[in-house]
Amino acid sequence: MTKKRMLLLALGTALVLHGVLTRAQDGSTGEKAKTEVSPLASGPGIASRALPFGVGEKLSYQVRYGRVNAGSAEMRIEGLAEVRGHLCFRAVTTIESNSFFSRFYTVRDYLESLIDSEGVFPWAFEKRLHEGKYRAHVQAQYDHASGIAVVNGDTVRIPAGVQDVLSIFYYVRTQPMEVGKAIEVANHDNKKVAILELRVLRRERVRTEAGEFDAFVIEPRVKETGQQAGLFRQKGEAWIWFSADSRRLPVLIKSKMYFGSLTLELAEVEYLTSHAMAQQARGE
């Protein structure tokens, strides 16, 4: 494997999770917007309806290029926070290249979304990207009533029900899935918005390191409704397998790009206790 191909692989590893739905990136480093956030240990009435996820959920993934292990990723809900009076899940995703690929191209990406515990939409989003020599820090705050997002100090118009690139995974898990139908959702990344159509292609059995699952296969596509949406046109193909049980776990993510195929395979599912989360918060 050439060094150039390894660099492309490492970059693709970072893109596969937070870029599987949108390929555009923006490293703008303007004024950082401020979000009033109060951490909470627990909270009453998390939601008026049952949700397929909750505080303490931790999903660990193995990242592969072909059959080669390239790194790891985690999706976890670390706790609750209050944003401008709204109770939110604090969802965090990290993506890291392993020691072998880090010798050529280090990936250390961090994404965080504060997701409304009732409506399952974001109030704030942050991503810190470390990919080789590339660095980016993007912060977004959402004012859904006014239909605007403030992204590193700049104002962007957003449609109702918009999701960021992390919250959309949790939102989709709450939606009914039926083969032959689609889930339509507005997706925001950096300063761009696109309407996505997530098509439910089929239902099948899939085996992962975490076990065997009956799963729905979903293909995200951009619905070409405007000039801005065209900016999100994918350069490859992607599929996501969500478990067909009540948890709707994203058990497998595959993406085909011009330099090869990348896979995120669920390796472990954990549900941390309140005691374990308290220890984690204290760094024990």
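Here is a short report on the structure shown in this document.

1. Focus: the pattern of salt bridges
In the structure shown here, the tally under the stated rule is 21 salt bridges. Salt-bridge contacts for Arg-202 lead to Glu-204; the nearest nitrogen and oxygen are separated by 2.8 Å. Ionic pairing is found between Glu-212 and Arg-205, a salt bridge with its closest N-O pair at 3.2 Å. On the accessibility criterion, Arg-205 (52% relative accessible area) is exposed. Look at the salt bridges and you will find they share partners, linking Lys-58, Glu-74, Arg-76, Glu-78, Arg-90, Glu-112 and Glu-270 into a network.

2. Some remarks on the packing of aromatic side chains
Under the counting rule described, the total for this entry stands at 5 aromatic pairs. Relative to Phe-89, the ring of Phe-53 has its centre 5.5 Å away and its plane inclined at 75°; by these criteria the two rings are edge-to-face. Here Phe-89 lies in strand E4 (residues 86–97) and Phe-53 lies in the loop between strand E1 (37–40) and strand E2 (57–65), a separation of 36 residues in the sequence. There is no split in this pair, since Phe-53 and Phe-89 are both buried. Seen in terms of ring centroids, Phe-53 and Tyr-170 are 5.1 Å apart; in terms of plane orientation they differ by 75°. Their pairing is edge-to-face. Of this pair, Phe-53 sits in the loop between E1 and E2 while Tyr-170 is found in helix H3 (residues 167–173), placing the two residues 117 residues apart along the sequence.

3. Topic: the nonpolar core
Of all hydrophobic cores here, the largest spans 59 residues; its most connected members are Tyr-170, Val-172, Met-177, Ile-218, Trp-241 and Val-251. Excluding residues within four positions of it along the chain, Tyr-170 makes contact with Phe-53, Glu-57, Met-75, Arg-76, Ile-77, Ala-91, Ile-115 and Val-120. In terms of nonpolar packing, the next biggest core, distinct from the first, is built from 6 residues, Ala-81, Cys-88, Leu-114 and Trp-123 among them.

4. Section: the side chain of Thr-174
Among the structural elements, Thr-174 can be located in the loop between H3 and strand E10 (182–189). A relative accessible area of 17% places Thr-174 in the buried class. In this structure the side chain of Thr-174 is engaged in a polar contact, spanning 2.6 Å, whose partner is the backbone oxygen of Tyr-171.

About the criteria used
Residues numbered from 1 in each chain as written. Predicted model: local features only at pLDDT ≥ 70, side-chain atom pairs only at ≥ 80, totals over all residues. Heavy atoms only, no water. Salt bridge = Lys/Arg side-chain N within 4 Å of Asp/Glu carboxyl O. Buried < 20%, exposed > 50% of the residue type's maximum accessible area, 1.4 Å probe, protein only. Phe/Tyr/Trp six-rings, centres within 6.5 Å; stacked < 30°, edge-to-face > 60°. Helix = DSSP H or I, 4+ residues; strand = E, 2+ residues; numbered from the N terminus. Core = buried A, V, L, I, M, F, W, Y, C linked by side-chain atoms within 4.5 Å. Contact = heavy atoms within 4.5 Å. Polar contact = N/O pair within 3.5 Å; in protein donor to acceptor, adjacent residues only side chain to side chain.

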